[in-house]
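# Structure at a glance
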Amino acid sequence: ETGVTQTPRHLVMGMTNKKSLKCEQHLGHNAMYWYKQSAKKPLELMFVYSLEERVENNSVPSRFSPECPNSSHLFLHLHTLQPEDSALYLCASSPGLAGSYEQYFGPGTRLTVT
Amino acid sequence: GQQVMQIPQYQHVQEGEDFTTYCNSSTTLSNIQWYKQRPGGHPVFLIQLVKSGEVKKQKRLTFQFGEAKKNSSLHITATQTTDVGTYFCAGSVGQNFVFGPGTRLSVLP
């Protein structure tokens, strides 16, 4: 499946680095999401964008900063992360907001914070 | 807040045996979705249930939505090694959409 792509697929960064994760959807969807998946916790919804406007921010630390320049692209800017932020970061999109529509996930970015 | 729970957390079965995972919510759900994530992969949408008491089938998979719309189940008949993975339910209350913790299925050949 190439409907939702994510880059990079793997990222190792130090706690003082700044990096960005990129997500692109080729499905013509209106909503995009960032999830965090770690071994200890289920899929944690981080941010939701609908028609390029943020509609949900689930108490995510400010060291994570999302950006949605258009309906096809979503970024997650990272700075001064902590080791506990190491996880799989998944991007997803759906035709409309989740709940009524299925979500299509990208392959994820495996992030390791050293 | 809204919680969606799943049991069991893990299930090991012999190939050919049946498998069931249960999803329970503390609140009434507008609908429920099921996803499968293969090891090393990403969640893939399987199905959505909307109506109270709804039952849907996909080949060897049977999905049910409870009458009270607070629980759901996924049953796999005669498991195969290709069924290995983690099965997630996800439910919505209004605009709140929450994934359960998942049930990890192992199938021994």
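Everything discussed here concerns the structure shown above.
For the structure given in this document, a descriptive report is provided here. Keep in mind that what you see is a predicted model, and the values were worked out from it rather than measured. (Residues numbered from 1 in each chain as written. Chains lettered and ligands numbered in written order. Predicted model: local features only at pLDDT ≥ 70, side-chain atom pairs only at ≥ 80, totals over all residues. Heavy atoms only, no water.)

### Digging into the packing of aromatic side chains
All told, the structure shown has 12 aromatic pairs over all chains when counted by the stated rule. Arranged with centres 6.3 Å apart and planes meeting at 35°, the rings of A:Tyr33 and A:Tyr35 form a pair that is tilted. With relative accessibility at 1%, the residue A:Tyr35 sits in the buried group. For the pair B:Tyr35 and B:Phe45, a centre-to-centre distance of 5.6 Å together with 75° between the ring planes defines the contact as edge-to-face. Pair noted here: B:Tyr35 is in strand S4 (residues 31-37) and B:Phe45 is in strand S5 (residues 44-49), with a separation of 10 residues, a long-range link. The buried category is assigned to B:Tyr35, whose relative accessible area is 0%. Accessibility expressed as a relative area gives 24% for B:Phe45, which makes it partly exposed. Aromatic rings pair up to connect A:Tyr33, A:Tyr35, A:Phe105, B:Tyr35, B:Phe45, B:Phe88, B:Phe97 and B:Phe99 into one cluster. (Phe/Tyr/Trp six-rings, centres within 6.5 Å; stacked < 30°, edge-to-face > 60°. Buried < 20%, exposed > 50% of the residue type's maximum accessible area, 1.4 Å probe, protein only. Helix = DSSP H or I, 4+ residues; strand = E, 2+ residues; numbered from the N terminus.)

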